[in-house]
Amino acid sequence: MAETKKLMRALRGETQAIPPAWMMRQAGRYLPEYRATRAQAGDFLSLCYTPDLATEVTLQPIRRYGFDASILFADILLVPHALGADLTFVQGEGPRLSTVTQQADFDALKGPDDIHDHLAPVYQTVRNLSAALPSDVALIGFAGAPWTVATYMIAGQGTPDQAPAHALKDGNTALFDALMDRITEATIGYLKQQVAAGAEVLMLFDSWAGSLKGADFAAYALEPARRIIAALKAAHPEVPVIAFPREGGDSVIGFARATGADCIALDYSVDADWAAENVQCDGCVMGNMDPRHMVTGGQPLIDEVRRIRQAFSGGPHIFNLGHGITPDANPDNVTLMLETLREHS
Ligand code: CP3
């Protein structure tokens, strides 16, 4: 049967006059209906682990806006949680985890195959969504890339420069490599289970890839992505993978070819004309409007949507922001973004 979902067509390499669109963090605090469901859940992790509520918040932006894709509501830190790390989200401060800095911390982690009971609610959410989504909306599953997940597991929280992870990488490379390997294996199993439950596309978030330079980028951003994608393609050759090596700079050139990714998500620091020439030549790209426009709106938003659409009009493109929409965004600006994107030029 011919593929009808716009997102899948872009991922298979089709150039479309009006690209498919969705937003990173489209289910989030900028939406009053999200805040209401989150209050009902009590806290963020309960929301992630309660399939009915996670399904509901995933569907909210689809109902309100009619995006072309829906992303599973979960978090990249559920994998460390399933591996045995303590995890809490402190209101207004972000995640706090128990740390892995010594061999004993690593030895206390679960094996990569022992995470699935803990993650069963996530798989149930994927099954719910697979049944509930409109037939033209694609379902995206996701995980954090190993380096980004490791930065949180090592520091126990978000860090501006990922210094604790760099310190372990350089000071105890054997332990760091063992941790990266554990996360990589767990992530492969986690994503395979998401596909088994109904995910049609997978996305790998390497939010802190930009702090890896030179040989470190090759070893710890590119190589784990290549390994994860190879394992997924061996099991599910038909499932496209989107890689997001955020702030990778020039390293996004050739990243798709080197890793086997079907699409590169571009952060908003990347010039769209440059990326059309240097990245889109290898296939689909996703992005990359600055999320600040969703706060400020108006003519600058309209101009920027048109500029990005035009820049990527010569090849396969998925319209998105260059990072997640922020809690202070105005929900009406999302409508303006989609109306502008879908207007005939
Ligand atoms: O995009 C979506 O709508 C799907 C769900 C999703 C969430 N987090 C929900 C979430 C996805 C794909 C993520 C990915 C994620 N989580 C990343 C990679 C992408 C990125 O933003 O760079 C990272 C680094 C995390 C870790 C994380 N989760 C942090 C650092 C925080 C705290 C910061 C913040 O925005 O509050 C979270 C919390 C989080 N994850 C929220 C949401 C909707 C906000 C939680 C709330 O309701 O208070």
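For the structure, check the block above.
Let me sum up the structure you'll find in this document. As the structure is a prediction and not an experimental result, all values here were calculated from the model. (Residues numbered from 1 in each chain as written. Predicted model: local features only at pLDDT ≥ 70, side-chain atom pairs only at ≥ 80, totals over all residues. Heavy atoms only, no water.)

1. Description of the packing of aromatic side chains
Throughout the structure, instances matching the rule amount to ten aromatic pairs. Where Trp147 meets Phe176, the ring centres are 6.0 Å apart and the plane angle is 65°; that geometry is what we call edge-to-face. Taken together, the positions of Trp147 in helix α8 (residues 146-155) and Phe176 in helix α10 (residues 173-197) put the pair 29 residues apart, joining distant regions of the chain. Owing to a relative accessible area of 0%, Trp147 belongs among the buried residues under this scheme. (Phe/Tyr/Trp six-rings, centres within 6.5 Å; stacked < 30°, edge-to-face > 60°. Helix = DSSP H or I, 4+ residues; strand = E, 2+ residues; numbered from the N terminus. Buried < 20%, exposed > 50% of the residue type's maximum accessible area, 1.4 Å probe, protein only.)

2. Focus on unusual backbone geometry
In this chain, Gly287 is followed by Asn288 through a cis amide linkage whose omega measures -10°. Look at Glu247: it is not a glycine, yet its phi comes out positive at around 60°. As for its placement among the helices and strands, Glu247 is situated in the loop between β6 (241-245) and α12 (255-259).

3. Comments concerning the environment of Asn330
Here Asn330 is to be found in the loop between β9 (317-321) and α16 (331-341). Taking the relative accessible area as the measure of exposure, Asn330 reaches 33% and is therefore partly exposed. Through-space distance from the C-alpha of Asn330 to that of Ile76 is 25 Å; in sequence the pair is 254 residues apart. Aside from chain neighbours lying at most four places away, what touches Asn330 is Met294 and Val295. In terms of polar contacts, Asn330 uses its side chain to reach the backbone amide nitrogen of Asp332, at 2.9 Å. (Contact = heavy atoms within 4.5 Å. Polar contact = N/O pair within 3.5 Å; in protein donor to acceptor, adjacent residues only side chain to side chain.)

4. Remarks on the layout of surface pockets
Estimates place the volume of the largest pocket at around 1300 Å³. Split into classes, the residues belonging to the lining of the largest pocket amount to 23 nonpolar, eleven polar and nine charged. (1 Å grid on protein atoms, 1.4 Å probe; cavity = no way out; pocket = protein on both sides within 12 Å on 5 of 7 lines; lining within 4 Å. Points joined across faces, edges and corners; volume = space filled by probe spheres on them. Nonpolar A, V, L, I, M, F, W, Y, C, P; charged D, E, K, R; others polar.)

5. Here we look at α10
For α10, which comprises 25 residues, the first-to-last C-alpha distance of 36 Å matches the rise-based estimate of 36 Å (1.5 Å per residue) to within 8%. Directly after α10, the chain includes Gly198, whose backbone phi takes a positive value near 130°. (Expected span 1.5 Å × (residues − 1).)

6. With respect to the pattern of salt bridges
Taken as a whole and assessed by the stated rule, the structure comprises 17 salt bridges. The closest approach of N and O atoms between Glu33 and Arg64, which form a salt bridge, is 2.8 Å. Residue Glu33 is found in helix α2 (residues 32-41), and its partner Arg64 is found in helix α4 (residues 51-65); the two are separated by 31 residues along the sequence. Given a relative accessible area of 37%, Arg64 falls into the partly exposed group. We note a salt bridge from Arg292 to Asp328, for which the minimum N-O separation is 3.1 Å. Of the two residues, Arg292 is situated in the loop between β8 (284-289) and α14 (293-296) and Asp328 in the loop between β9 and α16; the sequence distance between them amounts to 36 residues. (Salt bridge = Lys/Arg side-chain N within 4 Å of Asp/Glu carboxyl O.)

7. A word on the packing of α4 against helix α7 (residues 116-132)
Relative orientation of the contacting elements α4 and α7 amounts to 45°, with a least axis distance of 9 Å. Considered as vectors, α4 and α7 are oriented oblique to each other. As α4 packs across α7, the resulting crossing turns out to be right-handed. Taking contact as the criterion, the partners of Pro51, Asp52, Ala54, Thr55, Thr58 and Leu59 in α4 are, on α7, Pro121, Gln124, Thr125, Asn128, Leu129 and Ala132. (Axes fitted to C-alpha atoms, helices over the stretch in contact; angles between N-to-C directions. Parallel < 35°, antiparallel > 145°, perpendicular 65-115°, else oblique. Left-handed = near helix turned anticlockwise from the far one by under 90°.)

8. Things to note about the environment of Ala27
Note on placement: Ala27 falls in the loop between α1 (6-11) and α2. You can call Ala27 buried: its relative accessible area is 10%. Measuring from C-alpha to C-alpha, the distance between Ala27 and Leu59 comes to 8.0 Å, with 32 residues separating the pair along the chain.

9. Side note on the site of the ligand
Around the ligand sit 22 residues in total, of which Arg25, Tyr34, Arg38, Asp75 and Ser207 are the nearest. A distance of 3.5 Å is found between an oxygen atom of the ligand and a backbone nitrogen or oxygen belonging to Ala27. Taking Asp75, its side chain carries an N or O atom lying 2.7 Å from a nitrogen atom of the ligand. Among the detected pockets, the ligand sits in the largest pocket. Put simply, the parts of the chain that give the shell around the ligand at least two residues each are α2 and β3 (94-97). Split by residue class, the shell around the ligand holds 14 nonpolar, four polar and four charged. (Near = heavy atom within 4 Å. Sits in = over half its atoms within 2 Å of the grid points.)

10. As for the side chain of Thr125
Relative to the elements of secondary structure, Thr125 occurs in helix α7. With relative accessibility at 1%, the residue Thr125 sits in the buried group. Among residues more than four places away in sequence, those in contact with Thr125 are Pro51, Ala54, Thr55 and Leu72.

11. Some words on α8
The buried fraction of α8 amounts to ten of the ten residues, a majority that puts the element mostly inside the structure. For α8, every residue scored as buried is listed here: Pro146, Trp147, Thr148, Val149, Ala150, Thr151, Tyr152, Met153, Ile154 and Ala155. Of the residues one or two after α8, Gly156 is the one with positive phi, at around 80°.

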